[in-house]
Amino acid sequence: MRSLIVALALVLVGTTPAQACPAVIKGNGSKLHPEGVAYDRAHGRFVVGSVVHGTVSTVERDGQAKTLVDDPALITTMGLAVRAGRLYVINGDVGISKKSSPATLKKTAGLGIYNAWTGKKIAYYDLGALDPSREHFGNDVAVAPDGTAYVTDSYSGAIYKVKNKAEVFFRDDRLLPAGRGNGANGIVRLPNGDLLIAHSSGRALYKLSNNVLTQVTTDAPIGAPDGLLIDNGQLLAIDNTAANRVISLKSTDNWTTAKVTKSVPWTDKAPTTMAKSPCGVYVLSGRLDQLNPGTDEFWLRRW
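Residues numbered from 1 in each chain as written. Predicted model: local features only at pLDDT ≥ 70, side-chain atom pairs only at ≥ 80, totals over all residues. Heavy atoms only, no water.

Along the protein chain, the regular secondary structure elements total two helices and 25 strands. The dimensions of the protein chain, computed from C-alpha atoms along their principal axes, are 60 × 45 × 40 Å. By the burial criterion, 53% of the 303 residues in the protein chain qualify as buried. Of the contacts formed within the protein chain by residues at least 6 apart in sequence, a portion of 48% connects residues at least 24 apart. Split by element, the accessible area of the protein chain, about 13,500 Å² in all, is 51% carbon and sulfur. (Helix = DSSP H or I, 4+ residues; strand = E, 2+ residues; numbered from the N terminus. Buried < 20%, exposed > 50% of the residue type's maximum accessible area, 1.4 Å probe, protein only. Contact = heavy atoms within 4.5 Å. Areas by Shrake-Rupley, 256 points an atom, 1.4 Å probe, with all protein chains shown as cover.)

Written out as structure tokens, the structure is:
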């Protein structure tokens, strides 16, 4: 009955189900190279960041990117989340932005909060300032139902917590980079409040529960995990290695251990993360493999 109602509604507005849920959205924006994506359910559109311009843009079915947030404080926009009309944006600087400078390079971890419809700034938190003695790279964010944000820092080993004020929620040297590459990367919050954290260079997945960090034991290699997403009880993860794949994992013991249930080599090069929409999960490829000389295209492909 529900499917009949949905189909009828689509006919009334002149949209077929295939048009409403495209398998692929070919994005277009002036050398945006987005690394982060979120879906804004209230307004029926994706939002993407830009490692080059430090902006946030909206993307609808036609794929055309339109600038929503252009805040001078944002250098490279990384992880994004939308909750209760607010857009959460993670700020960092690894030297690939047009706004990069010696004063901000490897010293930037920030959280900007904006009106998800207008792009107007609500607040900005300088997380790197909580520990100026360390290098910083703000990477991803997970937002609890009450609006509390948890932010990863790929260089400092810190997980920040922001709820009206910013604080270092947790720090552990196991979350520092293991050689070259990023340390703590993607992050998701489980329904019980625990956090799952991807460690890219360490090729590991960690659980943070009651201020205790433990590595999740997996039955197969997970590569270098980047973006994470919880979907119907399973964990989706981007393997940011030459394997260029998306994997799914399931756990029956509250993420003490996990089993890789699916591994899909991805069609588009250099995927980074995902967002869940009413049409399902879409995987973002911002074509970071083409930063030099750059390209206007990016891809959102349904999982």
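One open sheet accounts for five strands, arranged β18-β22-β21-β20-β19; its pairing is mixed. Taken across any chain shown, the strands that pair with only one partner, and hence form the sheet edges, are β18 (217-218) and β19 (225-231). Here strand β21 (residues 245-250) pairs with strand β22 (residues 257-265) via six bridges, running antiparallel. Each residue of the ladder has a partner; that of S248, found in β22, is K262. (Pairing = 2+ DSSP bridges.)

Taking strand neighbours across the sheet as the criterion, the four strands line up as β2-β3-β4-β5 in an open arrangement whose pairing is antiparallel. Of all the strands in the sheet, the pair left with one neighbour each is β2 (37-40) and β5 (65-69). Between one strand and the next, the sheet's axes are offset by a mean angle of 35 degrees, whatever the strand orientation. Relative to strand β4 (residues 56-59), strand β3 (residues 45-48) runs antiparallel, the two sharing three bridges. Of the residues in β4, the one forming a bridge with V48 is S57. (Axes fitted to C-alpha atoms, helices over the stretch in contact; angles between N-to-C directions.)

Averaged over all residues, the pLDDT of the protein chain equals 94, while 94% of them reach at least 70. Confidence drops under pLDDT 50 across residues 1-16; counting only partners more than four residues distant or on other chains, this segment forms seven contacts. (pLDDT = per-residue confidence, 0-100.)

So, on to the state of the cysteines. Summed over the entire model, instances satisfying the criterion amount to one disulfide. In this model, C21 is linked to C279 through a disulfide, with the two sulfur atoms separated by 2.2 Å. Across the S-S bond linking C21 and C279, the dihedral sits near -75 degrees, which makes this disulfide left-handed. Of the two residues, C21 sits in the loop between α2 (17-20) and β1 (24-28) while C279 sits in the loop between β23 (271-277) and β24 (280-285), which places them 258 residues apart along the sequence. (Disulfide = S-S within 2.5 Å.)

This part covers the pattern of salt bridges. The final tally for this structure, using the stated rule, is eleven salt bridges. Two residues, K121 and D71, come together in a salt bridge whose shortest N-O distance is 3.0 Å. Here K121 is found in strand β9 (residues 121-126), whereas its partner D71 is found in the loop between β5 and β6 (76-83), with 50 residues between them in sequence. Take D71: its relative accessible area is 7%, and that puts it in the buried class. The shortest N-O distance in the salt bridge between E297 and R287 comes to 3.1 Å. With E297 in strand β25 (residues 297-302) and R287 in the loop between β24 and β25, the pair connects residues that are ten residues apart, well separated along the chain. According to the relative accessible area criterion, E297 is partly exposed, its value standing at 21%. One salt-bridge network, in which partners are shared between bridges, spans D131, R134, R171 and D173. (Salt bridge = Lys/Arg side-chain N within 4 Å of Asp/Glu carboxyl O.)

Further remarks concern the nonpolar core. Within the largest apolar cluster, 21 residues are counted, with the highest numbers of intra-cluster contacts made by Y88, L111, Y125, L127, V141 and A149. Breaking this core down by element, the ones donating at least two residues are β6, β7 (86-92), β8 (107-115), β9, β10 (136-143), β11 (149-153) and β12 (158-162). Leaving out residues up to four positions away in the same chain, Y125 has contacts with A109, G110, L111, I113, V162, N164, K165 and A166. Among the nonpolar cores identified, the runner-up in size contains 15 residues, and L190, L228, A237 and W255 belong to it. (Core = buried A, V, L, I, M, F, W, Y, C linked by side-chain atoms within 4.5 Å.)

Bringing the packing of aromatic side chains into the picture now. Applying the stated criterion across every chain yields a total of five aromatic pairs. An angle of 70 degrees between the planes, with centres 5.4 Å apart, marks the rings of F46 and Y282 as edge-to-face. Placement of F46 in strand β3 and of Y282 in strand β24 is noted, with a sequence separation of 236 residues between them. What makes F46 buried here is its relative accessible area of 5%. The exposure class assigned to Y282 is buried, which follows from its relative accessible area of 1%. For the pair W266 and W303, a centre-to-centre distance of 6.2 Å together with 25 degrees between the ring planes defines the contact as stacked. Taken as a pair, W266 in the loop between β22 and β23 and W303 in the segment after β25 lie far apart in primary sequence, 37 residues in all. Residue class for W303 comes out partly exposed when judged on its relative accessible area of 27%. (Phe/Tyr/Trp six-rings, centres within 6.5 Å; stacked < 30°, edge-to-face > 60°.)

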